[in-house]
Amino acid sequence: MTESTYRIQGATGEWEVVVGLEVHAQVTSNAKLFSGAATAFGAEPNTQVSLVDAAMPGMLPVPNRECIRQAVRTGMAIEAQINKWSRFDRKNYFYADLPQGYQISQLYHPLVGEGQIEIVLDEKNPESSTKTIGIERIHVEQDAGKLMHDQHPTRSYVDLNRSGVALMEIVSKPDMRSPAEAGTYLSKLRTILRYVGSCDGNMDQGSMRADVNVSVRKPGEPFGTRTETKNVNSVRFVMAVVEHEASRQVDVLEAGGTVVQETRLYDPDRNETRSMRSKEDAHDYRYFPDPDLLPLELDDAFLEECRQSLPELPDAKRRRYEQDLGLSAYNAATLTADADTARWFEALLAEGARIQKKSEGEVAKASANWLLSELYGALNRLGKSLEESPVSPEEGAELLALVADGTISGTIAKQVFEIMLETGDKPAKIVDEKGLKQTSDTGAIEAAVDKVLADNAEKVAQYKAGKEALFGFFVGQTMKAMQGKANPQVVNELVRKALG
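Quick notes on the rules
- Residues numbered from 1 in each chain as written.
- Predicted model: local features only at pLDDT ≥ 70, side-chain atom pairs only at ≥ 80, totals over all residues.
- Heavy atoms only, no water.
- Helix = DSSP H or I, 4+ residues; strand = E, 2+ residues; numbered from the N terminus.
- Rg over C-alpha atoms; globule rule 2.2 N^0.38 Å.
- Buried < 20%, exposed > 50% of the residue type's maximum accessible area, 1.4 Å probe, protein only.
- Contact = heavy atoms within 4.5 Å.
- Areas by Shrake-Rupley, 256 points an atom, 1.4 Å probe, with all protein chains shown as cover.
- Lys, Arg positive; Asp, Glu negative; His and termini not counted.
- Charge placed at Lys NZ, Arg CZ, Asp CG, Glu CD.
- Pairing = 2+ DSSP bridges.
- Salt bridge = Lys/Arg side-chain N within 4 Å of Asp/Glu carboxyl O.
- Phe/Tyr/Trp six-rings, centres within 6.5 Å; stacked < 30°, edge-to-face > 60°.
- 1 Å grid on protein atoms, 1.4 Å probe; cavity = no way out; pocket = protein on both sides within 12 Å on 5 of 7 lines; lining within 4 Å.
- Points joined across faces, edges and corners; volume = space filled by probe spheres on them.
- Nonpolar A, V, L, I, M, F, W, Y, C, P; charged D, E, K, R; others polar.

**Q** Which parts of the structure should I look at to understand the overall build of the protein?
**A** When helices and strands are tallied, the protein shows 15 helices and 16 strands. Whereas a compact globule of 500 residues would reach a radius of gyration of roughly 23 Å, the protein reaches 30 Å, over 25% beyond that. The principal-axis extent of the C-alpha atoms belonging to the protein is close to 90 × 55 × 55 Å. Sorting the 500 residues of the protein into buried and exposed places 48% on the buried side. Put simply, 68% of the contacts in the protein that link residues at least 6 apart link residues at least 24 apart. For the protein, the exposed surface amounts to about 24300 Å²; the carbon and sulfur share of it is 49%. Once the 58 positive and 75 negative side-chain charges of the protein are each reduced to a mean point, those two points are 2 Å apart.

What follows is the structure, encoded as structure tokens:
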């Protein structure tokens, strides 16, 4: 395990940062945790609220099986203990966006127990930058509604569409020691959730957000008093919170003050945290078992169905890409960091192997290099995501096959790709219509070589005098004379022959 060397330099020496994250992930389901109301993002306010969500008298909650299933699958994906017996508790507090006056959660007997997530801090050097972050628990609970303060000059409005939506609260152990570790952990967790399909991970839409617990201590000393910064909604902001809050606490302690256990908010415009309220303890919420809900009891058949439904997870996929496909550690990590990218790559790979009549391992490196350099470069330039790519995996595979069988050169392939982006035409059609097929006609290439050597007699003499680096110049000039259509291998052979 890699030990962090991140320290805050204070007036009294070095300080170590201790970080734990409580991540709230909205469960992917068509209905809420205890009602049949819809969960679609962006609906008109208060149009997805059932009588249960609005806490009307006599309404009883009924657990949504799919929400429980998704939480169990998430636990299995992080190698966590799945508790066959768990229970819902009432967490009592009063707020305008919580109609019941309590939240149904799981304090004492959560659905999922301890697990772990392995993070890699340097993808180019994974062997020496891997660290395991412990997971304390995952429990299932209701989300609250949303208060809107910008709809009226003197009043706040409430939207209960989100009230009752199922959340997984994924609580890490305080195992992170730097902003980078916190950011990498959150990114890895989001990747796992997206692979499993239990949460879409869209932090900008509020379906995944983090409460950031930070404390500082002198290295080797006991944990200090922590603060909790609520509802941070991006990886970058989580890293900023850790950095700012840790520095603030060091300043307080070195000035002779005391860090107060409290809840804070992060202001991204000012890049600072500010106090929101004193931090409550569990007894402040008067938890007790929810009398309207029986304990959850999971049987072996349900657990096996959950386990069988899991896809290949990112760590296993990365290992397969390295060991079976021969990809570099960096390329394998990049391709598996996002579920959509991995799916796109595998579609490209399967089609490329089919067209070229080769194994996936034989076409993997060229496919990975093209996707990560050519396609990603073009999409960044166009401001598009992979999902919005004008070129499909099948078309990409067709283009790579034309290079592999010698129909076009790599240089011409770049030109064809640009035309594909602009027109949406198939690569074979573009090659035929533009007359871009590579030539291996030795007569035409020999004539071009002879002219290049004749026009550069001085450089020929330098080459024969020992300046062998000029060989590439002669090859380049010949390719230019042939408008990039000459077979590079044939050009190399004929230039070497002509130079003697």
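There is more to say after this.
**Q** How should the pairing of strand E10 (residues 166-172) be read in this particular structure?
**A** Regular strands place their side chains on alternate faces of the sheet. E10 sits mainly inside the fold: 7 of its 7 residues count as buried. Side chains Ala166, Met168, Ile170 and Ser172 project from E10 onto one buried face, and the interleaved Leu167, Glu169 and Val171 project onto a second face that is buried too. Relative to E10, strand E2 (residues 13-26) runs antiparallel, the two sharing 5 bridges. Bridge pairing links valine 23 to isoleucine 170 in E10. With 7 bridges connecting them, strand E7 (residues 130-142) and E10 associate as antiparallel partners. By the bridge assignment for E10, glutamine 142 is matched with alanine 166.

**Q** Explanation requested: the pattern of salt bridges in the structure shown.
**A** For side chains bearing opposite charge, pairing can occur when the charged atoms are close. Considering all chains together, one arrives at 36 salt bridges under this definition. When the shortest N-O distance is used, the salt bridge between aspartate 290 and arginine 90 registers 3.0 Å. Of this pair, aspartate 290 sits in the loop between strand E15 (288-289) and strand E16 (296-297) while arginine 90 sits in strand E4 (residues 89-92), and the two are 200 residues apart along the sequence. By the burial criterion, aspartate 290 is buried, and arginine 90 matches it. Arginine 381 is paired through a salt bridge with glutamate 418; the nearest N and O atoms lie 3.0 Å apart. With arginine 381 in helix H8 (residues 360-382) and glutamate 418 in helix H10 (residues 410-423), this residue pair connects regions lying 37 residues apart in the sequence.

**Q** Could you clarify how one ought to interpret the packing of aromatic side chains in this entry?
**A** Each aromatic ring pair is described using two quantities: the centre-to-centre distance and the angle formed by the ring planes. In total, this model carries 11 aromatic pairs according to the counting rule given. Ring geometry for tryptophan 370 and phenylalanine 417: centres 5.4 Å apart, planes at 70°, overall edge-to-face. Taken together, the residues span a long stretch of sequence, with tryptophan 370 in helix H8 and phenylalanine 417 in helix H10 at a distance of 47 residues. An identical accessibility class is assigned to tryptophan 370 and phenylalanine 417; each is buried. Among the aromatic residues, ring-to-ring pairing joins Tyr93, Tyr108, Tyr285 and Tyr287 into one connected group.

**Q** Would you mind going over empty space enclosed by the protein with me for this structure?
**A** With a probe scaled to a water molecule rolled over the atoms, the places where space remains empty come into view. Per the counting criterion, the structure on display carries 2 cavities of 30 Å³ or more. Of the pockets and cavities examined, the largest cavity occupies roughly 60 Å³. What lines the largest cavity is simply Val52, Asp53, Leu98, Pro99, Gln100, Gln142, Asp143, Ser163 and Gly164. Grouping the constituent residues of the lining of the largest cavity by class yields 3 nonpolar, 4 polar and 2 charged. If you go around the second largest cavity, the residues you meet are Lys32, Phe34, Ser35, Val52, Asp53, Gln142 and Gly164. Taken together, the residues that form the lining of the second largest cavity break down as 2 nonpolar, 3 polar and 2 charged.

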